[in-house]
Amino acid sequence: MSTVNKSLFLLLCFTLNNVNFKEIAYGSGTLKGAEGFSFMLPLKKKKVSQEENKRKVQHCPVACNQSEDFHLKGPESERIHLLVLPQIRAYRGSTAFQQLLMSNPAVSTLCTAKTWQCEGWKIRRARLPFDNVKDASKLNFEIAFNEWVKYWNLSSPALLEKTPTQVQVMQELFDFIKSGNYNKKLGKLKPVYIFVWRPACLRTMSSHKSTFKGELGILNQMLELYEKIRHQAPTILINYAEMLWKPDKVAKRLHNFFACLPPGFNPDYVPVMEKDIFWKNMMKTHATIREYGRRHRPIQHGYSLADMICTNYGDVTEQDKEIMKTTETHLINLSNVCG
C-alpha cells in the first residue's frame, strides 16, 4: 500500500471511529453522521415489501370497516346487519363473553325474550332447529329467525345470538344465512364468528368440570371449525384467559374487529336489570369481567399469567400433556393475530 493510500485509509478509520451516527438510511445505502458527514456504502437494502404488508393486513380479521354503511333507516330489504355468532361450548365462558359484547350499545341481544341466559334456542318455537342437531335434514332455521326478529332491536347494526349448541350446526346455519331465506324484516345479514376457547387447566373454574381428554377433544374441534369457517366469513379467535386477566387487550381486539361500530366494548360493564337484562334471563354473571378475573388468581388454576400458558394440567400422562401443549400453543398463536 502506498504512503498516500495508507494515510487515506487511516483517516477513514479515525473518522468512522469518532462519528456519532444518528441516522441510518437503509433505503439509499447512506450513513449520515452528527456533523453532516456522509458517505456511501454498498449496504443491502432492507425491504419491507408491499407483499409483506399486505399479508399482515389480510391476517388481521375485520368484521366491518369504518366506512361501512348499514342503511338501517332505509327500506327493510336494503338494511344490512352484522349477525354476531359466538362459537363457545357450554359452561366455558359464553355468558361472560356475551356480557362483554352487550356492553357495546350498538349490539342488540335477545334478552327481551326473557329466556335463560338470553339464549335464542330457549325461545319455545325456536328450539326446533337446535333440538335436531344430529339430523341436519330436520333443521328449520326459518322458524328460529321468525322468532328472533321479534326481539332484536333492528335499529342496531349488530344482532347477537348466543346459543352454545350453535357449534354443532355452524356450517348448516351459515349456509342458511347465505341463502337469504330468512325473515325479510332483517334485510341482509352478514354473519361474523367469534371463537372463544378455554385453556384446559382452567376447567377447574367451572361448576361443570370435564375430563382432560374431553377438553382436548373440544379444543381440537374448535380448531377444526375455526379453520373451516374463517375462509367463508369474518372470524376471530379469543383466549378465555385473556378475557379474564387481560380484558383491555380483548376489548381492543373486538373494537378493531368491529371497526364500523362505535367504541364501547367495556370489561367494567354491568348489565342493568329490567333494561339490559331481565329476572327471567337468570344471568349467571353478577360482577364485571375484570372483577371476576381479580377474584380468581391464575396460579390457583395452574395457569401462568406471565407466559399465558397452562403450567399444571393435573394428573395426566406426559404424552397427553405434550399433545395438549401443542394444541394450545397453536390456539395461542392464532389468538394473538393482530392482537
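Residues numbered from 1 in each chain as written. Predicted model: local features only at pLDDT ≥ 70, side-chain atom pairs only at ≥ 80, totals over all residues. Heavy atoms only, no water.

Structural notes on the packing of aromatic side chains
In step 1: Inspection of every chain in the model, using the stated rule, returns 13 aromatic pairs.
In step 2: Aromatic side chains Phe-145 and Trp-152 sit 6.4 Å apart centroid to centroid with 55 degrees between the ring planes, which places their arrangement in the tilted category. Like Phe-145, the residue Trp-152 is buried in the burial classification.
In step 3: On the basis of an interplanar angle of 35 degrees and a centroid distance of 5.9 Å, the ring pair of Phe-145 and Tyr-182 is categorised as tilted. In this pair, Phe-145 is assigned in helix 5 (residues 141-148) and Tyr-182 in the loop between helix 6 (170-179) and strand 7 (188-197), connecting sequence segments 37 residues apart.
In step 4: Take Phe-145: its relative accessible area is 1%, and that puts it in the buried class.
In step 5: By relative accessible area, which is 7% here, Tyr-182 ends up buried. (Phe/Tyr/Trp six-rings, centres within 6.5 Å; stacked < 30°, edge-to-face > 60°. Buried < 20%, exposed > 50% of the residue type's maximum accessible area, 1.4 Å probe, protein only. Helix = DSSP H or I, 4+ residues; strand = E, 2+ residues; numbered from the N terminus.)

What about the sheet that holds strand 6 (residues 158-160)?
Sheet strands pair by backbone hydrogen bonding; their relative direction is either parallel or antiparallel.
In step 1: Pairing is parallel in the open sheet, where 5 strands are placed in the order 5-6-4-7-8. Looking at strand neighbours, the two that pair on one side only are strand 5 (107-108) and strand 8 (235-239), the edges of this open sheet.
In step 2: Both strand 7 and strand 8 contribute to a ladder of 5 bridges, which runs parallel. Across the sheet, the residue bridging to Phe-195 is Leu-237, located in strand 8. (Pairing = 2+ DSSP bridges.)

Concerning the confidence of the model for the protein chain
In step 1: Mean pLDDT over the protein chain works out to 80, with 74% of the residues at or above the 70 mark.
In step 2: The model gives residues 8-58 a pLDDT under 50, and that stretch makes 40 contacts with residues more than four places away or in other chains. (pLDDT = per-residue confidence, 0-100. Contact = heavy atoms within 4.5 Å.)

Structural notes on the pairing of strand 4 (residues 80-87)
In step 1: The buried fraction of strand 4 is high, at 7 of 8 residues.
In step 2: For strand 4 and strand 7, the ladder comprises 8 bridges, and the chain directions are parallel. Paired with Ile-80 across the two strands is Lys-188, which belongs to strand 7.
In step 3: Here 3 bridges tie strand 4 to strand 6, and the two strands are oriented parallel to one another. Across the sheet, the residue bridging to Leu-83 is Leu-159, located in strand 6.

A short note on the nonpolar core
In step 1: Counting 81 residues, the largest nonpolar core has Phe-97, Phe-145, Ile-194, Leu-254 and Phe-258 as the members making the most contacts within it.
In step 2: Residue contributions to this core peak at 8 residues, all from helix 7 (residues 212-229).
In step 3: Sequence-distant contacts of Leu-254, that is, excluding residues within four places in its chain, are made with Phe-97, Leu-100, Leu-101, Ile-194, Ile-238 and Phe-265. (Core = buried A, V, L, I, M, F, W, Y, C linked by side-chain atoms within 4.5 Å.)

Observations regarding unusual backbone geometry
In step 1: In the Ramachandran plot, Tyr-91 falls in the positive-phi region, its phi being about 65 degrees despite a non-glycine side chain.
In step 2: Mapped onto the elements, Tyr-91 comes out in the loop between strand 4 and helix 3 (94-102).
In step 3: With phi around 55 degrees, Met-308 is a residue other than glycine that occupies positive phi space.
In step 4: Tracing the backbone through its elements, the reader meets Met-308 in the loop between strand 9 (303-304) and strand 10 (309-310).

Focus: the side chain of Asn-104
In step 1: Among the structural elements, Asn-104 can be located in the loop between helix 3 and strand 5.
In step 2: Given a relative accessible area of 0%, Asn-104 falls into the buried group.
In step 3: Sequence-distant contacts of Asn-104, defined by excluding residues within four places in its chain, comprise Leu-261, Pro-262, Pro-263, Gly-264 and Phe-265.

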